[in-house]
Protein chains: 2
Amino acid sequence: MVPVISIVGKSGSGKTTLLEKVIKELVKKGYSVGILKHDAHGFEIDHEGKDSWRHKKAGAMTVALSSPEKFAVIKDVKKEWVPERIIYSYLSDADVVITEGFKTYWFPKIEVLRKAHSTKPVCAGHKELLAYATDVKIKTKLPLFDINDYKGIARFIEKEIIKKHDKKEISLMVNGKPIVLKPFIENFIKDSVLGMIGSLKDCSDANEIELRIRKK
Amino acid sequence: MVPVISIVGKSGSGKTTLLEKVIKELVKKGYSVGILKHDAHGFEIDHEGKDSWRHKKAGAMTVALSSPEKFAVIKDVKKEWVPERIIYSYLSDADVVITEGFKTYWFPKIEVLRKAHSTKPVCAGHKELLAYATDVKIKTKLPLFDINDYKGIARFIEKEIIKKHDKKEISLMVNGKPIVLKPFIENFIKDSVLGMIGSLKDCSDANEIELRIRKK
């Protein structure tokens, strides 16, 4: 999977503003960034009255819009997808994925804590917590970044998350759940599938393969 | 791939309104519907000032939002994705995908033609054209539906597109292009991959497999 870091903290702590600056900084460094934001209360993204809004309203499960510069997809789900599944399916072509929220997941985390808002960390003690971005004096052995030090935080993400990540050549999802493979198995599956696909007509230069099987 | 039908016709011919009613009718019949709309001139979907809008503006390549009921993805592309790729990646879990636009593609088509707007079909003679929805008297051997006969059109889509479609158990994309497989090859790849994956820990009940390989 792609490297993932979560920016966590209470609502109103300033995650979005910090993230905005960190994105700019990472993009400036040449990285492509994917963002996944959790919104427990739902969100409105489409504009009322627009075609896509009308089609969604009419009952379409998924509405996609495609243009030469971008595309967008809005999809109903019966049950919230785990973040790994969204990342696997839709964000894995980024150099790094930053999530806003998802503090209960296993992703490495940076907690944002702003004095004017709260002085009590929500992830203190979490083993995935890597650092704080804060204007509060916290007793911790973790790196403490000033809440406005987006350059330092971007450098930290680059060093600790992007560069340390061993980008796998293969990723696998079974019944909607990402599967972690041991190196030997990984190579075995990769070589077998590349061998099969590479021998097909027009597929000898296969660099990127996506295979989906759904049993009837 | 999932069965696909395109609703085509000049801009302003009434495609969106017809489609809205056809979606409702198909959903009433119990089908899940995916919509793909082509917008050559680009589109605005996000709301200015919202978090996702700010992150996209800051340079994120992809922004995804997740909630318990739905999720959304907005993604920049360097070159417009072919519709098959968007359908493969984002819409293949629907019972039927209806596209609005994409008249130059190989998808089967229904052309909408409204007298007050134009009397000249744009897809006349296309071998994929299956029917017209129109209030114009056209000389044609194809089925002619009244432009308001959304029930008839939904029935036609059900009969000619959904029920005639042989849903494959396997779909493959190589270097961003969907690959059509012969039945023997299809079974060979399917059985090999199911055999490999099914023997992994916790994967013996694998019904849905998604495998992605990206060569370094």
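Basis of the calculations
- Here the residue numbers are simple positions, counted from 1 along each chain's written sequence.
- Just so you know, chain letters begin at A and ligand numbers begin at 1, following the order they were written in.
- Only residues with pLDDT of at least 70 get local features here, since the model is predicted, and only at 80 or more are side-chain atom pairs given and counted; chain-wide, interface and lining totals rely on the full set of residues.
- Each side-chain value is worked out from all heavy atoms of the structure, with water and hydrogens disregarded.
- A run of DSSP states H or I qualifies as a helix once it reaches four residues; a run of E qualifies as a strand once it reaches two. Both are numbered from the N-terminal end.
- Here's how the labels work: a residue is buried when its accessible area is under 20% of the maximum for its type, exposed when over 50%, partly exposed in between, all with a 1.4 Å probe on protein chains only.
- By the convention used here, residues are in contact when the closest approach between their heavy atoms is within 4.5 Å.
- Neither His nor the chain termini are counted; the positive set is Lys and Arg, and the negative set is Asp and Glu.
- A charged residue contributes its charge at one atom only: NZ of Lys, CZ of Arg, CG of Asp or CD of Glu.
- A least-squares fit on C-alpha atoms brings the copies together, and the residues used are those whose pLDDT is at least 70 in both copies.
- If DSSP finds at least two bridges between two strands, the strands pair.
- For our purposes a nonpolar core is just a set of buried Ala, Val, Leu, Ile, Met, Phe, Trp, Tyr and Cys residues, chained together by side-chain atoms within 4.5 Å.
- Lines are fitted to the C-alpha atoms to define the axes, a helix being fitted only along its stretch in contact, and any angle between axes, read from their N-to-C directions, falls within 0 to 180 degrees.
- Roughly parallel means an angle under 35 degrees; roughly antiparallel means over 145; roughly perpendicular covers 65 to 115; every other angle is labelled oblique.
- We count a salt bridge whenever a side-chain nitrogen from Lys or Arg sits within 4 Å of a carboxyl oxygen from Asp or Glu.

Engineer: I'm lost on the overall build of chain A in this one. Help?
Structural biologist: Each helix and strand counted, chain A has 5 helices and 11 strands in total. If one aligns the C-alpha atoms of chain A with their principal axes, the spans along those axes are about 60 × 50 × 35 Å. A burial count over chain A gives 54% of its 216 residues as buried. Looking at chain A alone, contacts between residues at least 24 apart form 54% of all its contacts between residues at least 6 apart. Between the centroid of the 40 positive side chains of chain A and the centroid of its 29 negative side chains there is a distance of 6 Å.

Engineer: Just to check I follow, could you spell out the relation of the copies chain B and chain A for this structure?
Structural biologist: Superposition of the two copies of the chain requires a rotation about an axis and a shift along the axis. Take chain B, turn it by 180°, move it 0.0 Å along the axis, and it overlays chain A with an RMSD of 0.1 Å. When the rotation and shift are considered jointly, the pair of chain copies conforms to a two-fold rotation axis. Both copies contact each other with a shared surface, as 100% of the interface residues of chain B are interface residues in chain A too.

Engineer: How should the pairing of strand β9 (residues 170–174) of chain B be read in this particular structure?
Structural biologist: Working note: regular strand, side chains alternate between the two faces of the sheet. Of all 5 residues making up β9(B), 5 are buried, and the element is well covered by its neighbours. Of the two faces of β9(B), the one lined by I170(B), L172(B) and V174(B) and the one lined by S171(B) and M173(B) are each fully buried. Here 5 bridges tie strand β11 (residues 208–214) of chain A to β9(B), and the two strands are oriented antiparallel to one another. The partner of R212(A) across the bridge, within β9(B), is S171(B). From the end of β9(B) to the start of strand β10 (residues 177–179) of chain B, which pair antiparallel, there are 2 residues, and N175(B) there has a positive phi angle of about 50°.

Engineer: Before we go on, may I ask you to explain the nonpolar core in this structure?
Structural biologist: Taken as a class, soluble globular proteins show a tendency for nonpolar side chains to be buried jointly. Of all hydrophobic cores here, the largest spans 34 residues; its most connected members are I86(A), I87(A), I86(B), I87(B), Y90(B) and L91(B). Those elements giving two or more residues to this core turn out to be β4 (70–76) and α3 (83–91) of chain A together with β4 (70–76) and α3 (83–91) of chain B. If near-sequence neighbours (up to four positions away) are discounted, Y90(B) is found in contact with T62(A), F71(A), V73(A), K75(A), Y90(A), V73(B), K75(B) and W81(B). I170(A), V193(A), I213(A) and I209(B) belong to the second largest nonpolar core, which has 30 residues in total.

Engineer: Got a minute to help me understand the packing of helix α5 (residues 183–198) of chain A against helix α5 (residues 183–198) of chain B in this structure?
Structural biologist: For any two helices packed against each other, one specifies the inter-axial angle together with the distance between the axes. Where α5(A) meets α5(B), the closest approach of the two axes is 11 Å, and the angle between their N-to-C directions is 180°. Here α5(A) is positioned roughly antiparallel relative to α5(B), judged by the angle of their axes. Contacts from F188(A), I189(A), S192(A), V193(A), M196(A) and I197(A) in α5(A) reach F188(B), I189(B), S192(B), V193(B), M196(B) and I197(B) in α5(B).

Engineer: When you look at the side chain of S32(B) in this model, what are you seeing that I'm missing?
Structural biologist: In this structure, S32(B) sits in the loop between α1 (15–28) and β2 (33–38). Owing to a relative accessible area of 18%, S32(B) belongs among the buried residues under this scheme.

Engineer: What should I look at first to understand the environment of D202(A) in this one?
Structural biologist: All names here are of chain A. Mapped onto the secondary structure, D202 falls in the loop between α5 and β11. Residue D202 is classed as exposed on the basis of its relative accessible area of 64%. The spatial distance from the C-alpha of D202 to the C-alpha of G176 is 30 Å, given a sequence separation of 26 residues.

Engineer: Please clarify how the pattern of salt bridges should be interpreted in this entry.
Structural biologist: Side chains that differ in charge, positive against negative, can pair when their charged atoms come close. Counted according to the given criterion, the structure contains 30 salt bridges over all chains. Residue E20(A) pairs with R54(B) through a salt bridge whose shortest N-O separation is 2.8 Å. Highlighted residues: E20(A) in helix α1 (residues 15–28) and R54(B) in helix α2 (residues 51–57), drawn from two different chains. Residues E20(A) and R54(B) agree in their burial class; the two are buried. Note that E208(B) is salt-bridged to R214(A), the shortest N-O span being 3.6 Å. Of the two residues, E208(B) sits in strand β11 (residues 208–214) while R214(A) sits in strand β11, which places them in two different chains. Residues joined by salt bridges that share partners form a network here, namely K29(A), E158(A) and K163(A).

Engineer: Explain the pairing of strand β5 (residues 96–100) of chain B here, please?
Structural biologist: All names here are of chain B. Taking burial as the measure, the 5 residues of β5 include 5 buried ones, the bulk of the element. Judged from the 4 bridges that link them, strand β1 (residues 4–8) and β5 form a sheet pairing that is parallel. When the sheet's bridge partners are listed, I5 is paired in β5 with I98.

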